[in-house]
There are 4 protein chains.
Amino acid sequence: MLLLSCPDTQGIVAEVSHFIFTYGGNILDSHQHSDGESGTFFMRVEWSLAGFKIPMEKIHTAFEPVALKFDMDFRIHFSSRATRMAIMVSQYDHCLYDLILRNREGETHADIRLVIGNHPQMEEICQAFEIPFYHVPVAKKNKAEAEARQIELLREHEIDLVVLARYMQILSDDFVSTFPNRIINIHHSFLPAFIGAKPYHQAFARGVKIIGATSHYVTADLDQGPIIEQDVTRISHKDSVHNLIMKGRNLEKLVLSRAVKLHLEHRVLAYGNKTVVFD
Amino acid sequence: MLLLSCPDTQGIVAEVSHFIFTYGGNILDSHQHSDGESGTFFMRVEWSLAGFKIPMEKIHTAFEPVALKFDMDFRIHFSSRATRMAIMVSQYDHCLYDLILRNREGETHADIRLVIGNHPQMEEICQAFEIPFYHVPVAKKNKAEAEARQIELLREHEIDLVVLARYMQILSDDFVSTFPNRIINIHHSFLPAFIGAKPYHQAFARGVKIIGATSHYVTADLDQGPIIEQDVTRISHKDSVHNLIMKGRNLEKLVLSRAVKLHLEHRVLAYGNKTVVFD
Amino acid sequence: MLLLSCPDTQGIVAEVSHFIFTYGGNILDSHQHSDGESGTFFMRVEWSLAGFKIPMEKIHTAFEPVALKFDMDFRIHFSSRATRMAIMVSQYDHCLYDLILRNREGETHADIRLVIGNHPQMEEICQAFEIPFYHVPVAKKNKAEAEARQIELLREHEIDLVVLARYMQILSDDFVSTFPNRIINIHHSFLPAFIGAKPYHQAFARGVKIIGATSHYVTADLDQGPIIEQDVTRISHKDSVHNLIMKGRNLEKLVLSRAVKLHLEHRVLAYGNKTVVFD
Amino acid sequence: MLLLSCPDTQGIVAEVSHFIFTYGGNILDSHQHSDGESGTFFMRVEWSLAGFKIPMEKIHTAFEPVALKFDMDFRIHFSSRATRMAIMVSQYDHCLYDLILRNREGETHADIRLVIGNHPQMEEICQAFEIPFYHVPVAKKNKAEAEARQIELLREHEIDLVVLARYMQILSDDFVSTFPNRIINIHHSFLPAFIGAKPYHQAFARGVKIIGATSHYVTADLDQGPIIEQDVTRISHKDSVHNLIMKGRNLEKLVLSRAVKLHLEHRVLAYGNKTVVFD
């Protein structure tokens, strides 16, 4: 499938669909969006490779003249090749379990290559599902070293997507820029409300009637990255902070897994601090 | 904008987008769907007529060769021409008010030509908004006559869309077949639960925890037409039937107005007892 | 019905229910909440006056010994006496219409005594529903004067509840303190996200996937008052600012009307910047 | 905590709260409901046993005079004693995992004593969490025998609550009447829509825009038992039956776990085919 963005002009859809048709491809799904503010055009086209006259490894090159003509950024993905995914965790296991179980049940089709924990507790779960676990402790004084080790592990495993499953550490700008728009985080509030630490405590103190969770790409600005997915749940004066945390867990699992699924299906295009989500 | 359905095959998107591009049109929005069961392909394309080289009145004819090639059913709509809409009512005013106010505030762009009531009560509201009101009483013995008068009124006003805003009468098959997929009803339950009369009483008796409303095209089978939109709201043991009716009103208004808006924007394609909704 | 708050201790429920039982009242509904942080106990008891041996006008005095014993703040309301409500508006009519229509249809039971507008446009609507409309223009230099006139009108009509139905002016601390926890505002965002002006523009710029609305009591701190009700709706990259405003209107109407209904049924107890909502 | 139902009359709340107060109990939470149709009064009172002058094992007897006076059905539960729960499964693991994980994380406080499967596949999961697994195959000809074995197992483990976690067999009336209002099932539709087999296929065929799940107590009538909890999720024409099944899994997990939690906290009172849920 093809994901592209370029300056908005006439004839893009015609040219792209003509390219696919000429080589015998059948378009299965197609989405487009035009951002009026920036004058940018976005497109996602999915077509069947059965009978397609260009071999997989040459499609990228074959498409380049079209891309050049419209000044396109583009990526081509094949559904036959699973995205290589890493999960980073601390001491909470609910999102980890959720991601692993959904993938095992076929809801997502990632190749979960490894789990990196800054605490050792999640090793047992990973063993049960036969996923390699690496314990990389992170402390203030060894942070640079620890990140170097993490990046090394991610590179060794040729990781395409890093999922922070309630990983409680802030990544350095260097780490983030190594995987641009390829690190997904779950923040346990309805951003931009309650940025930063202890959002459930903040929500309790403010007396809101609804709490939320937000999944976003990680950028250098904390909790400011492009939002992929959000959801909320109703609370009341009867809910203690402990209850908010319990209710929030459901949200965290749902919102993170939806965001990961959207990314794995190549439905998300990030631009600036926003996303286009073709679902 | 163009709405079409045809047997699914290769090259449809390419041909349609090529047609638009050739005559200088810029595609603003495009949706497609392929129904695997029936092998039917559905498409909605919206393009700008600014600079389009075919005059409005000739576009239909110009597109016919493409339609013929793929055995298409197709319709062409112009956003500059508002849909002529009639509203049929009985004694409840909440959906009537809602449709009129939303249209007045620019949320929808219908040309509301008339209101037909089988009771006289809604006349005052219509006068306040300067919409012609026709009182056509319906009783068992005069039903055929009354429907003949209603159809006559709808034809005189060249009505494109009939909205039943809690109109409490069942239309005859003849009436329904005069406006195929052009009559929208609001049923005050989450269909197919609680088909027929007094759904809130049925919901109360069953002890459900959620109630709903369903907007659908009217067909000869009562409450069986293609569903356009549904929504639900939470209830509890504390809610009396009266409360269900109150809470249900909100749903009825929201669901009916959303369905009408989707239809007015030509986003709904009905096939069999289902719809494709391109939103 | 009785609403009370007091320091939490043993025997409160027993004493209150004993008081009602002794004089022949039948408890219809009873809610309680204990706030662990502040050690405050809240209670709402509704009982039938049929056969109650104390006449209405003496119940307050009769209850005072119980109140004294537990150091209670308490209010007694009678469902037979409708709350006198004022609505303040600017140029948007959707919340005004919604409040009036719901009251007319029996969803709420307020006595809407007057509407005050800082622009003249809403007069016509008020006339149609036979509600007195007062035009009190507000400009920077006459603000104190204008507020004095508004307060005078509210006092003349013995107003219990002031509803700001998208009233676009900030009230002075003096105005606010004249009606403590008796002014309800609708803010068109999911507070505490997007405090202040143009929240839909802020939401669009941030790229959130969900927008909200918040109804709260007005306090001296802008948008910081105790939250009564919130709700949200899903949006996408396809939604322009204009669409957010349209979708937001539904939220504003629903959330404000729910908050007003809860207040009118005496189900809301404010404390600090929070509320207990007994629904 | 005390759960009771009795004919509605005056003085119940006063008497119950007086009983608790007299013996030094502090009421933590109290709910009541009066069903107008049947004239039945329902109440749930939770109080602290710290300083309560009646020892736990004698509270039941001590309360009997009050119960007798008002002709009450009543149950007394102690939060210090966990409910003994059994889970029955077939070949789907998502609800099983969900129930076990939530219990392990402290969201519920059941004592999960055993899992009974009519297929052997879930044994491995149970071993991982150290829960005894019993494989009791069920076929048409051995059904009576198999149920006898199941009931024997449930009795041996003194089971209070049986949860059918997508257990694909219909229980006999005898089995059901052995555990009245103590068997919770999850039906994968928004009841009463799509009763019976393959509800997702039914939903797909009907073209609904929302699917649901329903958790209810099992009675002799299939899918007709008192509903404890329901929830829904939005779908579209793009969703295949496979997608509905995937999306439905989330609902099944959420709705079943919420119903189980409500039951475990003794917040559900069933009467006729309805429930009162004090949450």
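For chain A, the name recorded in an unreviewed UniProt entry is Formyltetrahydrofolate deformylase, with Spirochaeta lutea as its organism. Looking at the Pathway (unreviewed entry) heading of the UniProt record, one finds this comment for chain A: "Purine metabolism; IMP biosynthesis via de novo pathway; formate from 10-formyl-5,6,7,8-tetrahydrofolate: step 1/1." Regarding chain A, the UniProt comment filed under Sequence similarities (unreviewed entry) reads as follows: "Belongs to the PurU family."

When chain D is fitted to chain C, the residual RMSD is 0.0 Å, and the transformation amounts to a turn of 180° plus an axial shift of 0.0 Å. Both chain copies can therefore be described as sitting about a two-fold axis. Same-surface contact between copies: 100% of interface residues of chain D are shared with the interface of chain C.

If you rotate chain A by 180° and push it 0.0 Å along the axis, it lands on chain C with an RMSD of 0.0 Å. The share of interface residues of chain A whose copies in chain C are also at the interface is 100%, consistent with both copies meeting through the same surface.

According to UniProt, the positions carrying the feature "domain: Formyl transferase N-terminal" (unreviewed entry) are residues 84–260 of chain A. Across residues 84–260 of chain A one finds 37% helix and 23% strand; the C-alpha atoms that close the span lie 12 Å apart.

Sequence positions flagged by UniProt for "active site" (unreviewed entry) are, in local numbering, A:Asp223. In this structure, A:Asp223 sits in the loop between strand 10 (210–217) and strand 11 (227–234). Classification of A:Asp223 by relative accessible area gives buried; the value is 7%. Ignoring sequence-local partners within four residues, the contact set of A:Asp223 consists of A:Asn185, A:His187, A:Leu191, A:Ile195, A:Gly196, A:His216 and C:Arg206. Separated by 3.5 Å, the side chains of A:Asp223 and A:His187 make a polar contact.

Looking now at the side chain of C:Ser5. Counting through the fold element by element, C:Ser5 comes out in strand 1 (residues 2–7). Judged by its relative accessible area of 17%, C:Ser5 is buried.

Here the focus is the environment of B:Ala110. All names here are of chain B. As for its placement among the helices and strands, Ala110 is situated in the loop between helix 3 (94–104) and strand 6 (111–117). For Ala110, a relative accessible area of 12% gives the class buried. Separated by 28 residues in the primary sequence, Ala110 and Ala82 have C-alpha atoms spaced 5.3 Å apart.

All names here are of chain B. Across the two faces of strand 4 (residues 73–76) the burial differs, with Phe74 and Ile76 buried and Asp73 and Arg75 not buried at all. Direction of pairing for strand 1 (residues 2–7) relative to strand 4: antiparallel, over a ladder of four bridges. Across the sheet, the residue bridging to Ser5 is Asp73, located in strand 4.

Size of an interface: often given as the accessible area lost when the parts come together. All names here are of chain A. Under the domain assignment, chain A is made up of domain 1 (2–76) and domain 2 (83–277). Look at where the C-alpha atoms of domain 1 and domain 2 centre, and you get two points 31 Å apart. Of the residues lining the interface, 13 residues belong to domain 1; the matching set on domain 2 comes to eight residues. Across the domain 1 to domain 2 interface the summed buried area is about 770 Å²; carbon plus sulfur atoms make up 57%. Of all residues in domain 1, Leu3, Phe42 and Arg44 give up the largest surface area on contact with domain 2, accounting jointly for 55% of the area buried on that side. At the surface where domain 1 touches domain 2, the tally comes to zero salt bridges. Mapped by element, the contributors of at least two residues to the side of domain 1 that touches domain 2 are strand 1 (2–7), strand 2 (26–35) and strand 3 (40–48).

When you line up the elements, D:Asp29 lands in strand 2 (residues 26–35). No salt bridge is formed by the buried D:Asp29. Its closest oppositely charged neighbour is D:Arg44, at 4.1 Å. Filtering out sequence-adjacent residues up to four positions away, D:Asp29 remains in contact with C:Gln32, D:Arg44, D:Val45, D:Glu46 and D:Arg267.

Residues and elements named next belong to chain C. Strand order in the open sheet made by the four strands is 2-3-1-4, with antiparallel pairing throughout. Each having just a single partner strand, strand 2 (26–35) and strand 4 (73–76) make up the two edges of the open sheet. Geometrically, the sheet is characterised by an average inter-axis angle of 10° between neighbouring strands, direction not taken into account. Looking at chain direction, strand 1 and strand 3 (residues 40–48) are connected through six bridges and run antiparallel. The residue bridging Leu2 from the neighbouring strand is Val45, located in strand 3. Here helix 1 (residues 12–22) sits on the sheet and contacts strand 1, strand 2 and strand 3; the angle it forms with strand 3, its principal contact strand, is near 20°.

As a further point, take the interface of chain A and chain C. In this complex, chain A contributes 33 residues to the contact, which on the side of chain C involves 33 residues. Summing the contributions of chain A and of chain C, the shared interface buries around 2800 Å²; its carbon and sulfur component is 55%. Together, A:Arg206, A:Lys209 and A:His237 form the three largest contributors to the area buried by chain A at its contact with chain C, with a combined 26%. Note that A:Arg234 and C:Asp231 form a salt bridge whose closest N and O atoms lie 3.7 Å from each other. Counting across the chain A and chain C interface gives 22 residue pairs in polar contact (both at pLDDT 80 or more). Looking at the side of chain A that touches chain C, the elements that each hand over two or more residues are helix 7 (199–206), strand 11 and strand 13 (274–277) of chain A. Take the side of chain A that touches chain C: its biggest share by element is seven residues, from strand 11 of chain A. Grouping the constituent residues of the side of chain A that touches chain C by class yields 15 nonpolar, eight polar and 10 charged.

Parameters at a glance
- Residues numbered from 1 in each chain as written.
- Chains lettered and ligands numbered in written order.
- Predicted model: local features only at pLDDT ≥ 70, side-chain atom pairs only at ≥ 80, totals over all residues.
- Heavy atoms only, no water.
- UniProt positions renumbered as here; feature names shortened; annotations may be inferred.
- Least-squares fit on C-alpha atoms with pLDDT ≥ 70 in both.
- Contact = heavy atoms within 4.5 Å.
- Helix = DSSP H or I, 4+ residues; strand = E, 2+ residues; numbered from the N terminus.
- Buried < 20%, exposed > 50% of the residue type's maximum accessible area, 1.4 Å probe, protein only.
- Polar contact = N/O pair within 3.5 Å; in protein donor to acceptor, adjacent residues only side chain to side chain.
- Pairing = 2+ DSSP bridges.
- Domains from an automatic or database assignment.
- Buried area = accessible area lost by both parts, 1.4 Å probe.
- Salt bridge = Lys/Arg side-chain N within 4 Å of Asp/Glu carboxyl O.
- Lys, Arg positive; Asp, Glu negative; His and termini not counted.
- Axes fitted to C-alpha atoms, helices over the stretch in contact; angles between N-to-C directions.
- Nonpolar A, V, L, I, M, F, W, Y, C, P; charged D, E, K, R; others polar.

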